[in-house]
Each structure stands twice: as C-alpha cells, then as structure tokens.
Amino acid sequence: MKNWKVKFSSQIVSFFLEGKFAAIDKIVEKSNAFYITDENVYALHQKKFKGKKTIIIPAGEEHKQQATVDFIIEALLNLGATREAVLIGVGGGVVTDMVGYVAGVYMRGVAVGFVPTTILAMVDASIGGKNGIDIGLYKNMVGLIRQPSFLVYDIDFLKTLPKHQWENGFAEIIKHAAIKDAAMMKALASHDLSYYQKNKKALQLLIEKNVQIKVKVVQQDEFEKGDRKLLNFGHTLGHAIENGHAIENQHALLHGHAISIGMVYAAKISQVMEGFNDTGLLVDTLKKYGLPTSMHFDIDQAMQIMQKDKKKTGASMQFVVLKKIGKAVYQSVPMKSLEKLIKLYS
Ligand SMILES: NC(=O)c1ccc[n+]([C@@H]2O[C@H](COP(=O)([O-])OP(=O)(O)OC[C@H]3O[C@@H](n4cnc5c(N)ncnc54)[C@H](O)[C@@H]3O)[C@@H](O)[C@H]2O)c1
Ligand SMILES: [Zn+2]
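The model shown is predicted, which means the values in this text are computed figures rather than measured ones.

## Observations concerning the pattern of salt bridges
Side chains that differ in charge, positive against negative, can pair when their charged atoms come close. Throughout the structure, instances matching the rule amount to 17 salt bridges. A salt bridge links Glu18 to Lys2; the nearest nitrogen and oxygen atoms lie 3.8 Å apart. With Glu18 in the loop between β2 (12-16) and α1 (24-27) and Lys2 in the segment before β1 (4-7), this residue pair connects regions lying 16 residues apart in the sequence. Judged by relative accessible area, Glu18 falls into the partly exposed class, the value being 44%. The network of salt bridges with common partners includes Glu61, Lys64, Asp97 and Lys139.

In structure tokens form, the structure reads like this:
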C-alpha cells in the first residue's frame, strides 16, 4: 500500500490513501490487532472480519458515551489486550472518535489506527487527532488530542453507505472547497452526487484532495489556536440549528444538512462583512449534492444556543466568513450584529 507519512507534533501518521482493509495484516502483527466496529458496519461487511479479534459496539451518536467506552475496555481485557495492543477503529466518526479515546486511556495509552467507512469520517472525523465522547446531550465534552499511527482508506466500504450519509459527507467536502479550494468548488459545481457515486476514480481523487486539505490545516494548527478554526465555517449557526432541532423534534437533523444551511447564512453574512459575491455558486453546489439551503428555525432559540458556544468570547463570536471562494478568515462579530444579520436573511 502506498504510504503518505504526515508529521504532526508528537507523531508521524501513515495515510494509506488507496489502501485495502485486508492489507492491515501486513502493517499490524496479528496477535496485537484488536478491531472495533459498530453493529451496522459489522453486519454489512462481516466477511472482512473473519478470523480477527473484533469488538462490536452499538451504532449511533447516542452510544458515543462513557458506557460504551467501559464496554470496549472490558472486552479488551477479556481478549487479553496488553500495552502492545493496536486498536483498529473501523467505522464512521462515532467509532473513530471513541476508539481514539479508548486507545488514549487504555493502559495509559496504546497505539491506534483507523479505517474510516463514511465519507464524513474519511475527509473529516478521523483526521486530526481529536477524539472523545458525549456526556449526555453535551457533545464531545470529554476527550483528547492524540494522533493515530495510521489510517487506511478502503473505498470498498462506501458501497453500502446510505445516500443521506453521502450527503452528510459532501457537506464537509463543499465546506473544504469554500474555505480552501476554488478549483475544487468549480469541479463540484460541474458534477453532482451520483457522478461521484458511480465514478470510483473521481471519488478517490476527491477524497484524497480533501484529506490533504484537512491534514494541512491541522498540521499548521494542531491545537486550534488559529487557522484550524476555519474548519468551523457554517458550523456556528449550523450547530445551533442542529441542537435546536434536536430539542424540539424526535428525530435529529443530519449534521450535514444543518451546516449546509449554516454555510448559506455565513456566505450571506460574508457579503456584508467581506464583500463576498459568490453565494449563488455555493447555494447551487449544495443543491447538487442533495443539501438543503434554507429552513425555518427558531432564531431566538438558535441565539440562546450560540451563547453557550465554545467559540464565543465575551459578547462576541469568532465567526468564519469568506472573502471569496477558497479564501476564508475568522472575525470577532458581536452577538447583537450576528442576530441582526441572521434576521435580515431569514
Ligand atoms: N474528531 C473530529 O475531528 C470530528 C470531526 C467531525 C465529526 N466528528 C464526529 O463524527 C461523528 C459523525 O460521524 P459519522 O457521520 O461518520 O457518523 P456515524 O459513525 O454515526 O456513521 C453514520 C452511520 O453510518 C453507518 N455506517 C458507517 N459506515 C458505513 C458503511 N460503510 N456502510 C453502511 N453504513 C455505514 C453507521 O453505523 C452509522 O449508522 C460525530 O460524533 C462527530 O462528533 C469528529
Ligand atoms: Zn462538521
């Protein structure tokens, strides 16, 4: 497997971008390999796990909790995992976040590798070393920043990924294009979701480009003092809409759908603040990937949720805006102005 080695502050991470799941046998000694996956991925790809020590956890964000961490740790002890163990998280961001965290604390830290199986995990969640769990409804409240040893990209897993999960991942891809890569936005705008679903080569290339974007941003700012904040484009209001929806409805709003709407608002706010003039291109592109570009939501409630946002300091919010497609900056915006602008565009 072709190995792209990336240096982070404390660790060199191997990216096997055109990797094969089966080839992990060549990089990890079998007796030390402990696979952890969720019930959905396991059910759909059972054959791949034959003969491997595998721990299966329940699927879904609601299980990204300490109880599942305890379950994994007990299973590792029962399987005889020592300090030499290499944990291999196979799944979406829920699995990679949790397995990364367990690896950080099990016997004070063992090695970990990821096989991301959703687009979102491939281009976003599994990269950058942030891991952790939710505490009740509070997302990612406990965790570490700790890099994995390797990531294996095997797009064969995507054959079973449901369509809404593709949309979810493409929201982050379009985000990357918006903040860092105008040429990618152009390419995305000239195709649509089904093109990438059918065209393996194009998909592979697109994923690789997105991995590179996230890697570069994280490498320059591993501990989120500066530029890593740009990855929050669309996420400030997006999270507020996502959480507000969760309070009022039984079913959750898909993260990608929420940030899609957040990006449209952020683009419009960029018009006022930075003279940005390409909102139309962003909106058209989002639509091509099945993403919503407007939605009715409770603005007062969204403002209340944003008051608790980690990016808020004093009466202002660190808000990411676009100068043009491919060029983002963050600015401190007073909450009062933010509210006015959101109301203006609703
Ligand atoms: N650490 C980070 O920097 C970071 C960044 C972004 C998101 N995240 C986290 O990632 C999580 C979201 O990740 P996600 O969207 O991958 O969610 P997920 O892990 O819940 O996966 C989504 C669904 O797809 C299923 N699935 C996974 N792979 C599949 C496949 N190949 N075929 C069929 N079904 C499959 C899963 O079982 C699940 O039901 C959140 O918890 C979020 O906080 C972390
Ligand atoms: Zn996101």
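That was the structure; now back to the text.
## Description of the sheet that holds strand β3 (residues 33-38)
Taken in spatial order, the seven strands make up an open sheet running β1-β2-β9-β6-β5-β3-β4, and their pairing is mixed. Since the sheet does not close on itself, it has two edges, and those belong to β1 and β4 (54-57), each with one partner. Taking the axes of each pair of neighbouring strands and ignoring which way they run, one obtains an average angle of 20° across the sheet. Relative to β2, β1 runs antiparallel, the two being bridged by four bridges. By the bridge assignment, Val6 is partnered in β2 with Val13. Each of β3, β4 and β5 (86-91) touches helix α3 (residues 66-78); the most contacted strand, β4, lies at about 160° to it. With respect to the sheet, helix α4 (residues 93-105) is in contact with β3, β4, β5 and β6 (111-116), its orientation differing from that of β5 by roughly 165°.

## Quick word on the nonpolar core
One broad trend across soluble globular proteins is that nonpolar side chains are buried collectively. Membership of the largest hydrophobic core comes to 100 residues, with the highest contact counts inside it found for Phe15, Leu87, Phe170, Leu188 and Ile342. When residues no more than four places from it in sequence are discounted, the contact partners of Phe15 are Lys2, Asn3, Trp4, Val6, Ile127, Leu151, Tyr153, Val211 and Val215. Counting residues in each nonpolar core, the second largest holds 15 residues, with Phe21, Val28, Val115 and Phe157 among its members.

## Quick notes on the site of ligand 1
As a matter of local geometry, ligand 1 sits amid 26 residues, with Asp38, Glu61, Thr117, Thr118 and Thr160 nearest to it. One of the side-chain nitrogen or oxygen atoms of Thr160 is found 2.7 Å away from a nitrogen atom of ligand 1. Coverage of ligand 1 by the protein chains reaches 87% of its 860 Å² of free accessible surface. Residue assignment for the shell around ligand 1 shows that the elements contributing at least two residues are α2 (39-44), α4, α5 (119-125), β8 (138-142) and α6 (163-180). The residue inventory of the shell around ligand 1, partitioned by class, reads nine nonpolar, nine polar and eight charged.

## A short note on the sheet that holds strand β11 (residues 316-324)
Strand order in the open sheet formed by three strands is β10-β11-β12, and the pairing between neighbours is antiparallel. Both outer strands of the open sheet, β10 (312-313) and β12 (327-334), are each paired with one neighbouring strand and no more. In the sheet, β11 pairs with β12 via eight bridges, with the strands oriented antiparallel. The residue of β12 that forms the bridge with Ser316 is Pro334. Relative to β11, helix α11 (residues 255-274) is tilted by about 80°, and along the sheet it contacts β11 and β12.

## Digging into the coordination of the zinc ion (ligand 2)
For the zinc ion (ligand 2), the protein coordination sphere consists of Glu172 (OE), His235 (NE2) and His255 (NE2), at 1.9 to 2.1 Å. For the zinc ion (ligand 2), the donor residues sit on a single chain with the sequence spacing E-x62-H-x19-H. Placement of the pair is Glu172 in helix α6 and His235 in helix α10 (residues 235-248), with a sequence separation of 63 residues. Across the pair, exposure class does not vary: Glu172 and His235 are buried alike.

Scoring rules and cut-offs
- Residues numbered from 1 in each chain as written.
- Chains lettered and ligands numbered in written order.
- Predicted model: local features only at pLDDT ≥ 70, side-chain atom pairs only at ≥ 80, totals over all residues.
- Heavy atoms only, no water.
- Salt bridge = Lys/Arg side-chain N within 4 Å of Asp/Glu carboxyl O.
- Helix = DSSP H or I, 4+ residues; strand = E, 2+ residues; numbered from the N terminus.
- Buried < 20%, exposed > 50% of the residue type's maximum accessible area, 1.4 Å probe, protein only.
- Pairing = 2+ DSSP bridges.
- Axes fitted to C-alpha atoms, helices over the stretch in contact; angles between N-to-C directions.
- Contact = heavy atoms within 4.5 Å.
- Core = buried A, V, L, I, M, F, W, Y, C linked by side-chain atoms within 4.5 Å.
- Near = heavy atom within 4 Å.
- Polar contact = N/O pair within 3.5 Å; in protein donor to acceptor, adjacent residues only side chain to side chain.
- Areas by Shrake-Rupley, 256 points an atom, 1.4 Å probe, with all protein chains shown as cover.
- Nonpolar A, V, L, I, M, F, W, Y, C, P; charged D, E, K, R; others polar.
- Donors = N, O, S within 2.8 Å, 3.2 Å for Na, K, Ca; no water.

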